[in-house]
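Coordinate inspection notes
In case you want the letters, here they are:
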Amino acid sequence: MPGVLPEGEPVPADGSLPATATRAVGARGFGVYVHVPFCASRCGYCDFNTYTADELGGGASREGYADTVLAELALAARVLGDAPPPRVDTVFVGGGTPTLLPADDLARILDGIDRTWGLAADAEVTTEANPESVTPESLKTLRAAGYTRISLGMQSAAPGVLAILDRRHRAGRATEAAREARDAGFDHVNLDLIYGTPGESADDFAASLAQVVAAGVDHVSAYALIVEDGTRLAARMRRGELPYPSDDVAADRYLAAESALDAAGFSWYEVSNWARTPAGRCRHNLLYWNGGDWWGLGPGAHSHVGGVRWWNVKHPAAYAKRLAAGESPGLAREVLTPDEAHTEDVMLRLRLASGLPLAVLADAGRAGARRALADGLLDPAGYAAGRAVLTLRGRLLADAVVRDLLP
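We now turn to the structure provided with this report. Bear in mind that the values here come from a model prediction, so they are computed numbers and not experimental data. The residue count restarts for each chain, going from 1 along the sequence in the order it is written. The predicted origin of the model limits local features to residues at a pLDDT of at least 70 and limits the giving and counting of side-chain atom pairs to 80 or more, whereas totals for whole chains, interfaces and linings rest on all residues. Heavy atoms from the whole structure form the basis of all side-chain values; hydrogens and water molecules are not counted.

**Remarks on the packing of aromatic side chains**
Cut-off, in case you're wondering: Any pair of Phe, Tyr and Trp rings, taking the six-membered ring for Trp, is counted once the centres come within 6.5 Å. Such a pair is stacked with planes under 30 degrees apart, edge-to-face with planes over 60 apart, and tilted for the rest. Counting from the N terminus, the helices are DSSP H or I runs at least four residues long and the strands are E runs at least two residues long. When a residue's accessible area, from a 1.4 Å probe over protein chains only, is under 20% of the maximum for its type it is buried; when over 50% it is exposed; and in between it is partly exposed.
As enumerated under the stated definition, the model contains eight aromatic pairs in all. Seen in terms of ring centroids, phenylalanine 30 and tryptophan 117 are 5.3 Å apart; in terms of plane orientation they differ by 80 degrees. Their pairing is edge-to-face. Note that phenylalanine 30 is positioned in strand β1 (residues 30-36) and tryptophan 117 in helix α3 (residues 103-117), a separation of 87 residues in sequence. Exposure remark for phenylalanine 30: the relative accessible area of 0% places this residue in the buried category.

Listed below in structure tokens is the structure:
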């Protein structure tokens, strides 16, 4: 979760939503995101809303965090009281490092969500984890509590790349943790990769991909390194200690990922995500990309219900203080205009392998789609079926295609 929040109008102290937002909660699915803002150390590339023990200060701690999240959940139940979602389809616990909390606390949070709104019988329940923050015993506890999916931050198999990224785990630990998760009974296991780190060679990335495939996971996420202002990595690059990432290298790495994963039986379903089977796709992220509703619990967490998006105060101490006073932790919100909703719909759904219906585009957007088709950026078969579907080259230039499809 990025550390910089947008601006917006104030959120009412009781967290109430406009009646128009709650008329059909969950019509496109309903999920719950839980942000756990704690990390053992800060990675050099990270600008997420996370805190080490030294950065927390007074008024916040890991020990009381589960109770604070449950207090926001109780507020959420009051806000949606007369219009509750039909069920919770997905839960995603992200961070930070959620598994720095005791597994029993993560179990208690999930139980609270189930008691409040009810988990669907086939609910997908994911937690993120750093490889060094889980053990076979903690994984078994999480699985017994109802977690069905785990996403492990591997980033690279090369020790030198991990050092540049300031990752704490040793090379090889991520794939060990993936096997431990499988042994604990997790239905779905994801490994995250970052490519394009300064000093990473083509052979380094090929080795990372080979280890991912050999680990037997059913989902892989691979993202190009983005250097965010204010991070330690950005400072090192400004000082000339490290070169800035190369777009050409990033494109080569992406093509290598597609080739290796396709050969291993994975299929892309979103520009940066591959799964072995449809069941392995991350349903929670699909909820975001398809415009569903979700409530975000935790400091800095974003929520979206019925076209209203809001975000919580960032610092865990401020978050806890508001809830202790019986107030919403919401910092600000925005009501999406039809044009804004359309822009987001195009930006997100175009990234999916299922593509975007051409019928939702304005005349200028359909003209842009014709140009993208002629340039080899959209799939001819998908276009003939009435959808804008990116080709492999189109995936490399997805942002440019989006600009062509928007007025």
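**Side note on α3**
Because the α-helix completes a turn every 3.6 residues, residues three or four places apart line up on one side. What counts here: To estimate the expected span of a helix, count its residues, drop one, and scale the result by 1.5 Å. Should any heavy atoms of two residues lie within 4.5 Å, those residues are counted as being in contact.
Taking 1.5 Å per residue as the helical rise, α3 with its 15 residues ought to reach 21 Å, and the 22 Å between its terminal C-alpha atoms agrees with that figure. What α3 keeps buried is the set Ala103, Asp105, Leu106, Ala107, Ile109, Leu110, Gly112, Ile113 and Trp117. Next to the buried residues of α3 lie β1, α2 (65-79), β2 (88-95), β3 (119-129), α4 (136-145) and β9 (293-297). Positive backbone phi, at 90 degrees, marks glycine 118, one or two positions downstream of α3.

**Re the side chain of serine 138**
Which entries qualify depends on this criterion: Polar contact criterion, stated in full: a pair of N or O atoms within 3.5 Å, where within protein one must be able to donate a hydrogen and the other to accept it, and residues adjacent in sequence count only if both atoms are side-chain atoms.
You can see serine 138 is positioned in helix α4. You can call serine 138 buried: its relative accessible area is 18%. Among the polar contacts listed, one links the side chain of serine 138 to the backbone nitrogen of threonine 135, at a separation of 2.9 Å.

**Section: the environment of tyrosine 65**
The topology assignment puts tyrosine 65 in helix α2. For tyrosine 65, a relative accessible area of 3% corresponds to the buried category. The spatial distance from the C-alpha of tyrosine 65 to the C-alpha of leucine 392 is 43 Å, given a sequence separation of 327 residues.

**Focus: the nonpolar core**
As a reminder, the rule being used: Throughout, nonpolar core names a set of buried Ala, Val, Leu, Ile, Met, Phe, Trp, Tyr and Cys residues whose side chains join them through atoms within 4.5 Å.
Among the nonpolar cores identified, the biggest contains 92 residues, and Val32, Trp117, Phe186, Leu191, Val217, Trp295 and Leu405 are the most heavily contacted of them. At seven residues, the largest contribution of residues to this core is made by α2. In this structure valine 217 touches Ala178, Arg182, Val189, Leu191, Val212, Phe266 and Arg276, once residues within four positions along its chain are discounted. Membership of the second largest hydrophobic core comes to 12 residues, among which are Cys43, Val161, Ile194 and Leu242.

**Considering unusual backbone geometry**
Look at the link from glycine 95 to glycine 96: it is a cis peptide, with omega at 15 degrees. Relative to the assigned elements, glycine 96 resides in the loop between β2 and α3. The phi torsion at glutamine 155 lies on the positive side, around 70 degrees, for a residue other than glycine. Tracing the backbone through its elements, the reader meets glutamine 155 in strand β4 (residues 149-155). With a relative accessible area of 7%, glutamine 155 lands in the buried category. Although it is not a glycine, aspartate 166 sits at a positive phi angle of roughly 65 degrees. Note that aspartate 166 resides in the loop between α5 (159-164) and α6 (173-183). Using a relative accessible area of 26% as the deciding quantity, one classes aspartate 166 as partly exposed.

**So, the side chain of serine 208**
Relative to the elements of secondary structure, serine 208 occurs in helix α7 (residues 202-214). What makes serine 208 buried here is its relative accessible area of 1%.

**Structural notes on the packing of α7 against helix α9 (residues 247-263)**
Stated formally: Only the contacting stretch of a helix is used when fitting its axis, a line to C-alpha atoms as for every element, and angles between N-to-C directions run 0 to 180 degrees. Roughly parallel here means an angle under 35 degrees, roughly antiparallel means over 145, roughly perpendicular means 65 to 115, and every remaining angle is called oblique. A crossing counts as left-handed when the near helix is turned anticlockwise from the far one by less than a right angle, and as right-handed when that turn is clockwise.
Contact pair α7 / α9: the axes reach a minimum separation of 10 Å and the direction vectors enclose 30 degrees. Classified by the angle their axes make, α7 and α9 are roughly parallel. Crossing of α7 over α9 shows right-handed handedness. Judged by residue contacts, Ala202, Phe205, Leu209 and Val213 of α7 engage Arg253, Ala256, Ala257, Ala260 and Leu261 from α9.

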